[in-house]
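A structural walkthrough
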Amino acid sequence: MEKDKSILIFGDSHSRAFKGISIPGYKIDLHAISSGSILGLPKLSSHLNISKTILETSKKTPPEFLILKLGQVDIENIFLYKKYISEKDSFKEKEFTDRVINSYETFIDTLKANKNIKHIAICGITPPAPKSTAKIVNHYYHSMVSKMTKAKAKSWNHIIKNPEFLKDLEYPNRISRSIKFNSMLKGLCKKQSIIYFEVFNDLLKDGIINKEFEGCNYHIKGTNHTEKNQPPYPKVKQLLQDALASILQNNPRDKPSPHSPKCIPFVTPPHHIIFKTIPHIFSHQPLPYNLYPIPIHQLHLY
């Protein structure tokens, strides 16, 4: 009997959405690291040591697929901390998001040079939750000052009345930043010729987070720290399980050479995925960026 292939999933607390996923022929290990950020990845030594943990785990258990789900902490928590505290006089949103993407790219380059890792995939961030600004003002504030002394934290409590801060927490602005960030992740994956997938739109209803998936604090249901030892939320689990299954259907046995064919998914109604092989399309010749939408989730193979 063939041994199950390894899938390693690393991410922040929001990656707990992958809890309980099971796919025949694969052993899936989830490593959800609370407060994990992309900005910390290029550092071989940091508070959370995420990059070191990923590299060491990949050496012990060489994965068929390494899946990264990071960015939510960067685009929500760190974004606010930089803008209103640590870089309040010089913060520029584009420079910040570019810095995050560049950090991801630096780490992806490291991973691609690692012979223990066969395939790399990036999962986009999920929609922000909850919808209510009032529910999250204090939560974000306490997140921003959590490492400060009580006296220093108190000196920053004026932030929660700052009109610009409150505007940044309005749902249309939060979801807009999330959509823009996922678009940047797609572009990065295209450039790096690695897989990108997301279930963002499947968690929305009428353009905002579906109340069914709205969880505690700023997490979707089933991913908050109070739920880490509880069963996954069934519908979220199914969405991500379907997404992974679609990726694995197109799982080549070995890393493609610069002259191997590349598979791009095309969709035929109602919900069938056919993989059509198009030869000689690689990093030196960019793949089509706007692929046909795939039912259930969005999948891009670059």
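Keep in mind the model is a prediction, meaning the values are calculated, not measured. (Residues numbered from 1 in each chain as written. Predicted model: local features only at pLDDT ≥ 70, side-chain atom pairs only at ≥ 80, totals over all residues. Heavy atoms only, no water.)

Details of the overall build of the protein chain
Secondary structure assignment for the protein chain yields eight helices and ten strands. The buried share of the protein chain, reckoned over its 302 residues, is 50%. Within the protein chain, contacts between residues separated by at least 24 positions form 69% of all contacts whose residues are at least 6 apart in sequence. For the protein chain, the exposed surface amounts to about 15,100 Å²; the carbon and sulfur share of it is 55%. (Helix = DSSP H or I, 4+ residues; strand = E, 2+ residues; numbered from the N terminus. Buried < 20%, exposed > 50% of the residue type's maximum accessible area, 1.4 Å probe, protein only. Contact = heavy atoms within 4.5 Å. Areas by Shrake-Rupley, 256 points an atom, 1.4 Å probe, with all protein chains shown as cover.)

Structural notes on the confidence of the model for the protein chain
Per-chain confidence: the protein chain averages 82 in pLDDT, with 80% of residues scoring 70 or above. Here residues 252-297 is a poorly scored stretch, pLDDT under 50, and it has 100 contacts once near neighbours within four places are set aside; other chains count. (pLDDT = per-residue confidence, 0-100.)

Comments concerning the pattern of salt bridges
Overall, the coordinates contain twelve salt bridges when judged by the stated rule. With a closest N to O distance of 3.2 Å, E164 and K83 form a salt bridge. Residue E164 is found in helix α6 (residues 163-168), and its partner K83 is found in helix α2 (residues 72-86); the two are separated by 81 residues along the sequence. Between E87 and R99 there is a salt bridge, with the nearest N and O atoms lying 3.3 Å from each other. Of this pair, E87 sits in the loop between α2 and α3 (93-112) while R99 sits in helix α3, placing them twelve residues apart in sequence. (Salt bridge = Lys/Arg side-chain N within 4 Å of Asp/Glu carboxyl O.)

Let's talk about the side chain of T223
Mapped onto the secondary structure, T223 falls in the loop between β7 (208-209) and α8 (234-249). Among the polar contacts made by the side chain of T223, one reaches the main-chain carbonyl oxygen of I220 at a distance of 2.8 Å. Setting aside residues no more than four positions away along its own chain, T223 makes contact with S13, H14, R16 and A17. (Polar contact = N/O pair within 3.5 Å; in protein donor to acceptor, adjacent residues only side chain to side chain.)

Some points on the packing of α3 against helix α7 (residues 171-192)
Contact geometry for α3 and α7: axes closest at 11 Å, N-to-C directions at 35°. At the point where α3 passes α7, the crossing takes the right-handed sense. Counted together, E93, T97, D98, V100, I101, Y104, E105, I108, D109 and K112 of α3 and R177, F181, M184, L185, L188, K191 and Q192 of α7 form the full contact between these two elements. Taken together, the residues that form the contact of α3 with α7 break down as eight nonpolar, two polar and seven charged. (Axes fitted to C-alpha atoms, helices over the stretch in contact; angles between N-to-C directions. Left-handed = near helix turned anticlockwise from the far one by under 90°. Nonpolar A, V, L, I, M, F, W, Y, C, P; charged D, E, K, R; others polar.)

Focus: the environment of I9
Turning to its location among the elements, I9 is positioned in strand β1 (residues 5-11). Sequence separation of I9 and C123 is 114 residues, and the distance between their C-alpha atoms is 9.8 Å. If sequence neighbours within four positions are ignored, I9 has contacts with F18, I28, D29, L30, H31, I67 and L244.

A look at the packing of α2 against helix α4 (residues 133-144)
Running from amino to carboxyl end, α2 crosses α4 at an angle of 75°, the nearest separation of the two axes being 9 Å. Classified by the angle their axes make, α2 and α4 are roughly perpendicular. Across the interface between the two elements, E76, N77, L80, Y81, Y84 and I85 of α2 pack against Y140, S143 and M144 of α4. Considering only residue class, the contact of α2 with α4 consists of six nonpolar, two polar and one charged. (Parallel < 35°, antiparallel > 145°, perpendicular 65-115°, else oblique.)

Let's talk about the nonpolar core
Counting residues in hydrophobic clusters, the biggest one holds 50 residues, and the most contacted among them are I54, L68, Y104, L111, I122 and F165. Going through the elements one at a time, β1, α1 (50-60), β3 (65-69), α2, α3, β4 (119-123), α4 and α7 are the ones with two or more residues in this core. Leaving out residues up to four positions away in the same chain, L68 has contacts with F10, I54, Y104, F107, L111, A121, I122 and C123. With 31 residues, the next largest nonpolar core counts I7, I9, L204 and A243 among its residues. (Core = buried A, V, L, I, M, F, W, Y, C linked by side-chain atoms within 4.5 Å.)

Regarding the packing of aromatic side chains
Using the criterion set out here, one finds six aromatic pairs in the structure. Judged by centre distance (6.1 Å) and plane angle (85°), the ring pair of F213 and Y233 falls under edge-to-face. In this pair, F213 is assigned in the loop between β7 and α8 and Y233 in the loop between β7 and α8, connecting sequence segments 20 residues apart. Three or more aromatic residues joined by ring pairs form one cluster here, namely F79, F91 and F96. (Phe/Tyr/Trp six-rings, centres within 6.5 Å; stacked < 30°, edge-to-face > 60°.)

Here's the deal with unusual backbone geometry
Going from A129 to P130, the amide bond is cis rather than trans, its omega being -5°. Within the fold, P130 resides in the loop between β4 and α4. At S35, a position not held by glycine, the phi torsion is positive, near 70°. Topologically, S35 is positioned in the loop between β2 (26-32) and α1. A positive phi angle, near 55°, is found at S193, a position not held by glycine. Tracing the backbone through its elements, the reader meets S193 in the loop between α7 and β5 (195-198). Taking relative accessible area as the criterion, S193 reaches 23% and is therefore assigned partly exposed.

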